[in-house]
Amino acid sequence: MIDSKQFDVVVLGGGNAALCAAISAARQGAAVAVLEASPKFYRGGNTRHTRNMRCAHDTATETLTGPYGEEEFWEDLLKVTGGQTDEQLARYMISESKKMLTWISEQGVRFQPSLGGTLSLGRTNSFFLGGGRAMLNSLYRTAERLGVTIAYDAEAIDLDIEDGGFRSATILYAGKTKRVGARNLVAASGGFEANLEWMEEYWGPRARKFLVRGTPYNRGSVLRMLLDVGVAEVGDPTQCHAVAIDARAPKFDGGIITRLDCVVFGIVVNKEARRFYDEGEDIWPKRYAIWGRLVAGQPDQIAYIIFDASSIDLFMPSLYPAIEAQTIAELAGKLELDPTQLSKTLAEFNAAVRPGSFDHTKLDDCRTEGLDPPKTHWARRIERAPFYAYPVRPGITFTYLGTKVDRNARMVMRDGRPSKNMFAAGEIMAGNVLGRGYAAGIGMTIGSVFGRIAGREAAKNACN
Amino acid sequence: MHATKVLEEAGRLMTVCNSCRYCEGVCAVFPAMELRKSFTDGDLNYLANLCHNCGACYDDCQYSPPHEFDVNVPAALAAVRVESYAAAAWPSALSGMFHRNGLAISIAAALSVTVFVAGFVGLTDRHALFAKHSGPGAFYELLPHDAMAAIFCAAFLYAAVACALSAKRFVASFGALRRDMTDPVAHARATLASGSLRYLDGGGGGCADDGAHRVNLRKVFHHMTFYGFALCFLATAVATVYHYAFGREAPYAVDDLPVLLGTLGGIGLIVGPIGLLVAKRLRDPAVVSKASYGMDVAFIVMLLLTGATGMILLAARDTAAMGALLALHLGVVFGLMITMPYGKFIHGLFRYLALARYERERIVVANGAFSAVDDPPSAAATLGS
């Protein structure tokens, strides 16, 4: 049924942005097809692993503890991106985000108060009841009810685009190639973080050791095709958002439960059992987001967070148990580290720790003296058995390279002209507003806001 | 680490879920889980009995099969529940009833019906059994009232004692302190939660299977079954009062209170169980526990038979078939009663007790006295995740 029909709008992708676009176009009366490259279970790309979205709101609601104004949202975005954002577009997105809470609820998505362990986000972020996959299930049900044609295992392998105008997509579907014609294209197919060969172009062989936190289907093939036919690119192609995650996590799709947020409680050593960075540098945003990159810079792209019994109960549990030992030598053995060097590193660290009053909720006064690199906060001696360790590797969340768009989510060509009928939403164009860094839930905001706009504009375009 | 394979799997899943927590708003299981960092067998018994098997968390889960983490909480907890019923059974010698429970209940019910029919045939003269009886005392011409009362009183007392002792063992299994189980506010809240099946709704959207049609079939039919059962019980109680306090003998007129209550209850006990059986067939097989399937069906069918034989008896009580129908109905009811401690009936009791403990935990947490790792300051300061 997908090959015989000419659609008003064809959406490539199947996540939050794609579904918002499809629903919004269908609500305008357009005939819409969603082509999702993954099998049905894995539909939705990284949306499956999300849990909340950040929307501006003027008052507290049933599930949000207080107001989060447009200006504050903008300041947060400015802070995390260090100014690498398009202010006009970003401010427009933030103002549109206000309507999203209502709109997305109207599409059947339900919210709940912030989850245990995330109280700090209770004011700013709206959590999906049941998480990202529950949200997706609601959006898919709504899209189906609106008559949207949905195909799974339908990977776009070629795009017929001439002079900035989309004509059709060739897809691999049920083992055959099919051509799907449409008056408009919405590209909502994510970034290229699961394409480690592509990542290797920028990171070298190190990229092979990276773990991908989300979907294995974000291989960036649509992004590549669009850039190849002259769509303007945005965002640093060499950059990605990476955090340190449990090295025992699967190569792909480990999601939230492989995260580790205990760097501040101990020290981090590399394969040579040596420290390499200040574990107490900052609360936010560095502590979490910087460690992926730091570990990527170490030999074999692996590191070990080491702490003792005094910290084991201070952070959220994660999937894999900490590696436990009664002595440092035993721990070194389990981690296959040089025991002499590890003991030496710990002894030096312990000797450098100055007395202070430990408080992990703020930048406290527990620090080292005369140690290089120092630990500038939360430094406590690691001396109480049992000793624990987590092995960590860089876990890639998303990439920044994308297609340039205007405020109507319309793609912009390299010569500056707007595309006739091509739109983009979600991670594939996130770099327009999020040039670097990350703030929880902002990927979903970008997806929903621009998805809704892209669908609406594409549907409008189809009527002209 | 855990006593059985089933507990081992449940323990693995709770570790996965506790590091995700996306389902926290779906039901009581996940908030209760978050109060713990590791899970003893008793914890798992407790959590399993909080689960209503609505299936929402399975549909919502990004790690459910075919994902390699293979997370299927509803099925895993259902299996733990069956083990928890068997482990708490009193007397312990009868815990085997929970193994192939469908078969065990069928045999018990068949035996009970046979004994009643045979008893009626053997003890009453053939003429009386197939004669028409009507008016007050008609039933007792076949089985004297005192004998009937004695038989059912004994069965009821046995069931009540066995259930109570099982409940005691169950509570002991999760190590709850006396004060954890005697908080009247917690009991009031648990009564409301179980009476309204608050947690059989996937956090407000209905059971997972209902997503498409937006009607919570299982909740509606469970209410009909439960309240139907309650009305039938009430009808019997009113009739007992009539008998002893006012000297009025059954059968009663169709517009009399015991018959009205019994009729309403009987309809509930017919429509409800049929609906539950249909709803069960419509469910995603992935979330239906194979371990409890026979037990579920056996209990539902017993309730259906109770309702149906009662209603048929009411309809045909003025005919010559009354004697046989009375024997059948009494046989079914007796079978239902004596198997209550060894079948799915026990789920209601255990669920209620788990909910009472859950409500108590919530009260303690609200008072800030629970040493929970629910919001570690380490996470509180971050903006990213």
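Please read all numbers here as calculations on a predicted model, not as lab measurements.

### What to know about the overall build of chain B
1) Next: Regarding its fold elements, chain B presents 16 helices and 0 strands.
2) Next: Projected onto its principal axes, the C-alpha positions of chain B cover 85 × 40 × 40 Å.
3) Next: Taking all 385 residues of chain B together, 55% fall into the buried category.
4) Next: Sequence separation of 24 or more characterises 76% of the internal contacts of chain B that already satisfy a separation of 6 or more.
5) Next: Taken as a whole, chain B presents about 16,300 Å² of accessible surface, with 68% of it coming from carbon and sulfur.

### Some words on the overall build of chain A
1) Next: Of the regular secondary structure elements, chain A holds 10 helices and 19 strands.
2) Next: Against the 2.2 N^0.38 benchmark of 23 Å for 464 residues, chain A shows a C-alpha radius of gyration of 23 Å, consistent with a compact globule.
3) Next: Considered along the principal axes of its C-alpha atoms, chain A spans approximately 75 × 50 × 40 Å.
4) Next: For chain A, contacts bridging at least 24 residues in sequence account for 73% of all contacts bridging at least 6.
5) Next: Just so you have it, chain A exposes about 16,500 Å², and 49% of that area is on carbon and sulfur atoms.
6) Next: Taking the 56 positively charged and 54 negatively charged side chains of chain A as two groups, their mean positions are separated by 4 Å.

### Some words on the sheet that holds strand 3 (residues 52-54) of chain A
Residues and elements named next belong to chain A.
1) Next: Read from one edge to the other, the open sheet built from 3 strands follows the order 3-5-4, with strand pairing classed as antiparallel. The sheet is open, and its two edges are formed by strand 3 and strand 4 (111-112), each paired on a single side.
2) Next: Sheet topology note: the strand 3/strand 5 (residues 125-128) ladder contains 3 bridges and is antiparallel. Pairing of Met53 across the sheet is with Ser126, part of strand 5.

### Describing a nonpolar patch on the surface
Residues and elements named next belong to chain B.
1) Next: A cluster of nonpolar side chains, Leu103, Ile107 and Leu111, forms an exposed patch at the surface whose accessible area comes to about 290 Å².
2) Next: Looking at the element boundaries, Leu111 is found in helix 6 (residues 101-123).
3) Next: Judged by its relative accessible area of 53%, Leu111 falls in the exposed class.

### As for the domain arrangement of chain A
Residue and element names in this part refer to chain A.
1) Next: Taken domain by domain, chain A comprises domain 1 (7-237 + 400-463) and domain 2 (243-395).
2) Next: A C-alpha centroid distance of 35 Å is found between domain 1 and domain 2.
3) Next: Residue-level contacts link 21 residues of domain 1 with 24 residues of domain 2.
4) Next: Both faces combined, the contact of domain 1 with domain 2 buries some 1,900 Å², and carbon together with sulfur accounts for 59% of it.
5) Next: With a shortest N-O distance of 3.2 Å, Lys209 and Asp300 are connected by a salt bridge.
6) Next: At the junction of domain 1 with domain 2, the criterion picks out 12 residue pairs in polar contact (both at pLDDT 80 or more).
7) Next: Mapped by element, the contributors of at least two residues to the side of domain 1 that touches domain 2 are helix 2 (70-81), helix 5 (196-203) and strand 10 (211-212).
8) Next: For the side of domain 1 that touches domain 2, the class distribution of residues is 9 nonpolar, 5 polar and 7 charged.

### Notes on the packing of helix 5 (residues 73-88) of chain B against helix 13 (residues 290-315) of chain B
All names here are of chain B.
1) Next: In the contact formed by helix 5 and helix 13, the axes pass within 8 Å of each other and the chain directions differ by 60 degrees. Between helix 5 and helix 13, the angle is such that the two are oblique. Where helix 5 crosses over helix 13, the two elements pack in a sense that is left-handed. When helix 5 is examined against helix 13, the residues Ala79, Val82 and Tyr85 are found in contact with a partner set consisting of Ala291, Ser292 and Met295.
2) Next: A breakdown of the residues in the contact of helix 5 with helix 13 according to their chemical character gives 5 nonpolar, 1 polar and no charged.

### Examining helix 3 (residues 87-106) of chain A
Residues and elements named next belong to chain A.
1) Next: Counted at 1.5 Å a residue, the expected span for helix 3 with its 20 residues is 28 Å, and the 29 Å between its end C-alpha atoms agrees.
2) Next: The sharpest bend along helix 3 reaches about 40 degrees and sits at Lys99.
3) Next: For helix 3, the full list of buried residues reads Leu89, Ala90, Tyr92, Met93, Ile94, Glu96, Ser97, Met100, Leu101, Trp103 and Ile104.
4) Next: Backbone geometry just after helix 3 places Gly108 at a positive phi near 100 degrees.

### What to know about the environment of Asp364(A)
All names here are of chain A.
1) Next: When you line up the elements, Asp364 lands in the loop between helix 9 (339-352) and strand 16 (387-399).
2) Next: C-alpha of Asp364 to C-alpha of Trp378: the two residues are 14 residues apart in sequence and 6.2 Å apart in space.
3) Next: A distance of 3.2 Å separates a polar side-chain atom of Asp364 from the backbone nitrogen of Cys366.

### Here we look at the pattern of salt bridges
All names here are of chain B.
1) Next: Scanning the model with the defined rule gives 39 salt bridges over all chains in all.
2) Next: Between Asp296 and Lys344 there is a salt bridge, with the nearest N and O atoms lying 3.0 Å from each other. Of this pair, Asp296 sits in helix 13 while Lys344 sits in the loop between helix 14 (322-339) and helix 15 (346-366); the two residues are 48 residues apart in sequence, bridging distant segments of the chain.
3) Next: When its relative accessible area of 19% is taken as the criterion, Lys344 is described as buried.
4) Next: In this structure, the salt-bridge partner of Arg357 is Glu361, at a minimum N-O distance of 3.8 Å. Here Arg357 and its partner Glu361 are both found in helix 15, 4 residues apart, which amounts to about one turn of the helix. An identical accessibility class is assigned to Arg357 and Glu361; each is buried.
5) Next: Each member of the salt-bridge network shares a partner with another, and the members are Arg36, Asp43, Arg357 and Glu361.

### Here we look at the packing of aromatic side chains
1) Next: Scanning all chains against the criterion turns up 33 aromatic pairs over all chains.
2) Next: Centre to centre, the rings of Tyr140(A) and Tyr152(A) are 6.0 Å apart; their planes meet at 35 degrees, and the pair counts as tilted. Here Tyr140(A) is found in helix 4 (residues 132-145), whereas its partner Tyr152(A) is found in the loop between strand 6 (149-151) and strand 7 (154-162), with 12 residues between them in sequence. In terms of burial, Tyr140(A) and Tyr152(A) fall into one category: buried.
3) Next: Their ring planes at 70 degrees and their centres at 6.2 Å tell us that Phe315(A) and Tyr390(A) sit as a pair that is edge-to-face. Linking Phe315(A) in the loop between strand 14 (303-308) and strand 15 (323-325) with Tyr390(A) in strand 16, this pair joins segments that are 75 residues apart in sequence. As far as the burial class goes, Phe315(A) and Tyr390(A) line up, both buried.
4) Next: By way of ring pairs, the aromatic residues Tyr46(B), Tyr85(B), Phe98(B), Phe170(B), Phe174(B) and Phe350(B) are connected into one cluster.
5) Next: Between the NZ or CZ atom of Arg43(A) and the centre of the ring of Tyr140(A), over which it lies, the distance is 3.9 Å.
6) Next: Its guanidinium or amino end placed over the ring of Tyr46(B), Arg357(B) lies 4.6 Å from that ring's centre, counting from NZ or CZ.

### Comments concerning the packing of helix 12 (residues 257-282) of chain B against helix 13 of chain B
Residues and elements named next belong to chain B.
1) Next: For the pair helix 12 and helix 13, interaxial distance at closest approach is 8 Å and the crossing angle is 145 degrees. At the point where helix 12 passes helix 13, the crossing takes the left-handed sense. The residues of helix 13 that touch helix 12, namely those facing Val259, Gly262, Thr263, Gly266, Ile267, Leu269, Ile270, Pro273, Ile274, Leu276, Leu277 and Lys280, are Tyr293, Asp296, Val297, Ile300, Val301, Leu303, Leu304, Thr306, Gly307, Ala308, Met311 and Leu314.

### A closer look at the pairing of strand 16 of chain A
Residues and elements named next belong to chain A.
1) Next: Most of strand 16 is tucked away, with 13 of its 13 residues classed as buried.
2) Next: Bridge analysis of strand 10 against strand 16 gives 2 bridges, and the strand direction is parallel. Counterpart to Val212 in the pairing with strand 16 is Ile396.
3) Next: Sheet topology places strand 12 (residues 240-246) next to strand 16; 7 bridges connect them, and they run antiparallel. Bridging from a neighbouring strand, Cys240 pairs with Thr399 of strand 16.
4) Next: As paired elements, strand 14 and strand 16 share 6 bridges and run antiparallel to each other. Residue pairing across strands places Phe307 opposite Tyr388, the latter belonging to strand 16.
5) Next: Inspection of the sheet shows strand 15 paired to strand 16 by 3 bridges, in the antiparallel sense. Of the residues in strand 16, the one forming a bridge with Ile323 is Ala389.

Conventions used here
- Here the residue index of a chain counts from 1 through its sequence in written order.
- Chain A is the first chain written and ligand 1 is the first ligand written, with later ones labelled in order.
- Totals for whole chains, interfaces and linings use all residues, but because this is a predicted model, local features are given only for residues with pLDDT of at least 70 and pairs of side-chain atoms are given and counted only at 80 or more.
- Based on all heavy atoms of the structure, the side-chain values leave hydrogens and waters out of the count.
- Numbering goes from the N terminus for both helices and strands, where a helix is a DSSP run of H or I of at least four residues and a strand is a run of E of at least two.
- Between buried and exposed lies partly exposed: a residue is buried under 20% and exposed over 50% of the maximum accessible area for its type, with that area taken using a 1.4 Å probe on protein chains only.
- Residues count as neighbours in contact if any of their non-hydrogen atoms are within 4.5 Å of one another.
- In this description, accessible areas are obtained by the Shrake-Rupley approach with a 1.4 Å probe, and a residue is regarded as covered only by the protein chains that are shown.
- Here the radius of gyration uses the C-alpha set of atoms, whereas the globule reference equals 2.2 Å times the residue count to the power 0.38.
- Charge counting follows a simple rule: Lys and Arg are positive, Asp and Glu are negative, and His as well as the terminal groups are ignored.
- To locate a charge, take NZ of a lysine, CZ of an arginine, CG of an aspartate or CD of a glutamate.
- Strand pairing is assigned whenever DSSP identifies at least 2 bridges connecting the two strands.
- Within the patch definition used here, like charges are joined within 9 Å and nonpolar side chains (Val, Leu, Ile, Met, Phe, Trp, Tyr) within 5 Å, considering only residues with over 30% relative accessible area and no salt bridge.
- One side-chain nitrogen of Lys or Arg within 4 Å of one carboxyl oxygen of Asp or Glu is enough to make a salt bridge.
- Boundaries of every domain are those given by an automatic assignment or by a domain database.
- Values labelled buried area give the accessible surface lost by two parts on being combined, using a 1.4 Å probe and summing over both.
- For this analysis, a polar contact is any N or O atom pair within 3.5 Å, provided that within protein one partner can donate a hydrogen and the other can accept it, and provided that sequence-adjacent residues contribute only side-chain to side-chain pairs.
- In this classification, Asp, Glu, Lys and Arg are treated as charged, Ala, Val, Leu, Ile, Met, Phe, Trp, Tyr, Cys and Pro as nonpolar, and every other residue, Gly included, as polar.
- The axes are straight lines fitted to the C-alpha atoms, using for helices just the contacting stretch, and the angles between their N-to-C directions are given from 0 to 180°.
- For this classification, under 35 degrees means roughly parallel, over 145 means roughly antiparallel, 65 to 115 means roughly perpendicular, and everything else is oblique.
- Crossings are assigned a handedness: left-handed for a near helix turned anticlockwise from the far helix by less than a right angle, right-handed for a clockwise turn.
- Given a helix with a known number of residues, its expected span is that number minus one, times 1.5 Å.
- What we call the bend at a residue is the angle made by axes fitted to the seven residues finishing there and the seven residues starting there.
- Planes of paired rings set the category: under 30 degrees apart is stacked, over 60 is edge-to-face and the rest tilted, where pairs are Phe, Tyr or Trp rings (Trp by its six-membered ring) whose centres lie within 6.5 Å.
- Either the NZ atom of lysine or the CZ atom of arginine qualifies as a charge over a ring when it sits within 6 Å of the ring centre and within 35 degrees of the ring normal.

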